[in-house]
Amino acid sequence: MPIYAPAPPAALLTPEGNPALSDWSMTAGKVHLNHGSYGAVPRAAQERQLQLKAQMDANPCTWFMGQAATLAGTRTGIAAFLRVPAEDMALVINASAGVTAVYNSLPFTEGAEIVTTDHTYGAVLEGAKRIARRHNGRVAVAEVPLDADAALVVELVMAEVNERTALIVIDQITSATARAFPVAEIAKAAAECGVPVLVDGAHAPGVLANPVPDFEGFWVGNLHKFACAPRGTAALVARGPFRHHLTPLIDSWGFPHVFPESFDHVGTQDITSWMAATASFETIEERYGWDNFRSYATSLGDYAQGLVAGAFTALTGEDASVDVGMPVDPLRLVRLPRGLAESHEDSHAVRAMISDRFDFETAITTFGGAGYLRLSTHLYNTPADYEAFAERAVPALVELARPR
Ligand SMILES: Cc1ncc(COP(=O)(O)O)c(C=O)c1O
């Protein structure tokens, strides 16, 4: 069963004619195919953050006295990138912090239930369980087949909702399974039942031109993944009747205010990553264009997925292509040979082996007892990255999977 890869796109160059990778600072010799987990910050934004840190240390008193006012302006710049009004958005250090703020703020009652799916990011699921335990409630997990279409996802999630449901937590783009969920449709169905929704959009900024769906509820997104902001930069958007329940994770001088101003007072926290975030957005817009990023990531993803799945299939005779129902352009899944990464522990060991022996940084995930390779594509990746992976790492992974 041959799998055909479409023609590869031409590798991107900087406006000066150098490989796009020269705008980033990754270690030479390590190939970063895992932007989805940790992002990578362009040099221009790293430099901007270092300048801001120097200003902070030149006069800490002036810096911190003016920090809350600065932060309100910073919020405006980031909100414009996400295409939401600044008064609907607060900044937090990561998606986990945004999710935790929502969990800690909502008025859960005794026996409250939280509905989510078996694709939910592990730490987000554990947080939901902690809150449910605190209120003697439970987390109801909808089992969603990997290839489910939008209508089936809505049906399976809503089937878990009952009169005790206090919150639905749904991924916009899933981590282990690299697929999208129909969050706008779920939010609409939930609104008809009066249930608030928290959308985990950790991967959405940059991947989607308009990442925040139009609904009343909560949305969190990481700017330090595909949007390439310095790490520790995430947004929490809240709309509708529950937004004024939201309290920041850190009790500081924001207490007289309501969302989002209450989140602008973060004590003596270094907010230079937030302030430098727009340098990332602008660098990419000026040098490549965000729309070009999305179309390049799509064609490179199509090529990478076809090429690598084809390489596995040719060696094993097992079909390595995966139907994820609602695919995501720069995050692609390939089925690993049977016997590999079928547990979380094993997936960590396989990832480490690929990095140590072959110098490729990848994500190896497990879902439903099967192992998957998750490949990311970004501006600095080239077709040659995936060709080298198919040539060097795939035969070793097939060999590793062979029963001895
Ligand atoms: C779907 C999803 N949610 C939440 C997170 C947590 O992000 P962070 O570690 O930046 O808080 C991740 C991290 O990869 C994720 O993939």
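First, a word on what this report is: a plain description of the structure on this page.

Quick notes on the rules
- Residues numbered from 1 in each chain as written.
- Predicted model: local features only at pLDDT ≥ 70, side-chain atom pairs only at ≥ 80, totals over all residues.
- Heavy atoms only, no water.
- Helix = DSSP H or I, 4+ residues; strand = E, 2+ residues; numbered from the N terminus.
- Polar contact = N/O pair within 3.5 Å; in protein donor to acceptor, adjacent residues only side chain to side chain.
- Contact = heavy atoms within 4.5 Å.
- Axes fitted to C-alpha atoms, helices over the stretch in contact; angles between N-to-C directions.
- Parallel < 35°, antiparallel > 145°, perpendicular 65-115°, else oblique.
- Left-handed = near helix turned anticlockwise from the far one by under 90°.
- Near = heavy atom within 4 Å.
- Areas by Shrake-Rupley, 256 points an atom, 1.4 Å probe, with all protein chains shown as cover.
- Buried < 20%, exposed > 50% of the residue type's maximum accessible area, 1.4 Å probe, protein only.
- Core = buried A, V, L, I, M, F, W, Y, C linked by side-chain atoms within 4.5 Å.
- Pairing = 2+ DSSP bridges.

Digging into the side chain of Thr377
Point 1. Inspection of the secondary structure assignment puts Thr377 in the loop between strand E12 (370-376) and helix H12 (383-401).
Point 2. A polar side-chain atom of Thr377 sits 3.0 Å from the main-chain carbonyl oxygen of Ala297.
Point 3. Setting aside chain neighbours within four positions, we find Thr377 in contact with Phe226, Phe293, Ala297, Leu300, Gly301, Asp329, Pro330 and Tyr386.

Section: the packing of helix H11 (residues 344-358) against H12
Point 1. Contact geometry of H11 with H12 gives a least axis separation of 11 Å together with a crossing angle of 135°. It follows from the interaxial angle that H11 and H12 lie oblique. Handedness of the crossing formed by H11 with H12: right-handed. Here Val350, Met353, Ile354, Arg357 and Phe358 of H11 lie close against H12, whose contacting residues are Phe389, Arg392, Ala393, Ala396, Leu397 and Leu400.

Re the site of the ligand
Point 1. By nearness alone, 13 residues border the ligand, and Ser96, Asp200, His203, Asn222 and Lys225 come closest of all.
Point 2. In the environment of the ligand, an oxygen atom lies 3.5 Å from a nitrogen or oxygen atom belonging to the side chain of Asn94.
Point 3. Asn222 places a polar side-chain atom, nitrogen or oxygen, 2.9 Å from an oxygen atom of the ligand.
Point 4. Alone, the ligand offers 390 Å² of accessible surface; in the complex the protein occludes 88% of this.

Some remarks on helix H5 (residues 95-105)
Point 1. With eight of its eleven residues buried, H5 lies for the most part within the structure.
Point 2. Here H5 has its buried residues at Ala95, Ala97, Gly98, Val99, Ala101, Val102, Tyr103 and Ser105.
Point 3. Looking at the packing, one finds that the buried side of H5 touches strand E2 (89-92), helix H6 (122-134), strand E5 (165-171), strand E6 (197-200), strand E7 (218-222) and strand E8 (234-238).

A few points about the nonpolar core
Point 1. Within the largest apolar cluster, 74 residues are counted, with the highest numbers of intra-cluster contacts made by Leu82, Met89, Ile168, Ile170, Trp219, Leu223 and Phe281.
Point 2. Among the elements that take part in this core, helix H9 (residues 272-287) stands out by supplying six residues, more than any other.
Point 3. Among the nonpolar cores identified, the runner-up in size contains 31 residues, and Val31, Ala304, Phe389 and Ala393 belong to it.

Observations concerning the sheet that holds E5
Pairing between sheet strands relies on hydrogen bonds along the backbone, with the strands arranged either parallel or antiparallel.
Point 1. Read across the open sheet, the seven strands follow the order E2-E8-E7-E6-E5-E3-E4; overall the sheet is mixed. With partners counted over all chains shown, the strands left at the sheet margins are E2 and strand E4 (138-142), one partner each. The mean inter-strand angle of the sheet, taken between neighbouring strand axes irrespective of direction, is 20°.
Point 2. One ladder, built from three bridges, connects E6 with E7; its direction is parallel. The residue bridging Val199 from the neighbouring strand is Trp219, located in E7.
Point 3. Running at roughly 105° to E2, helix H4 (residues 67-82) makes contact with E2, E7 and E8 of the sheet.

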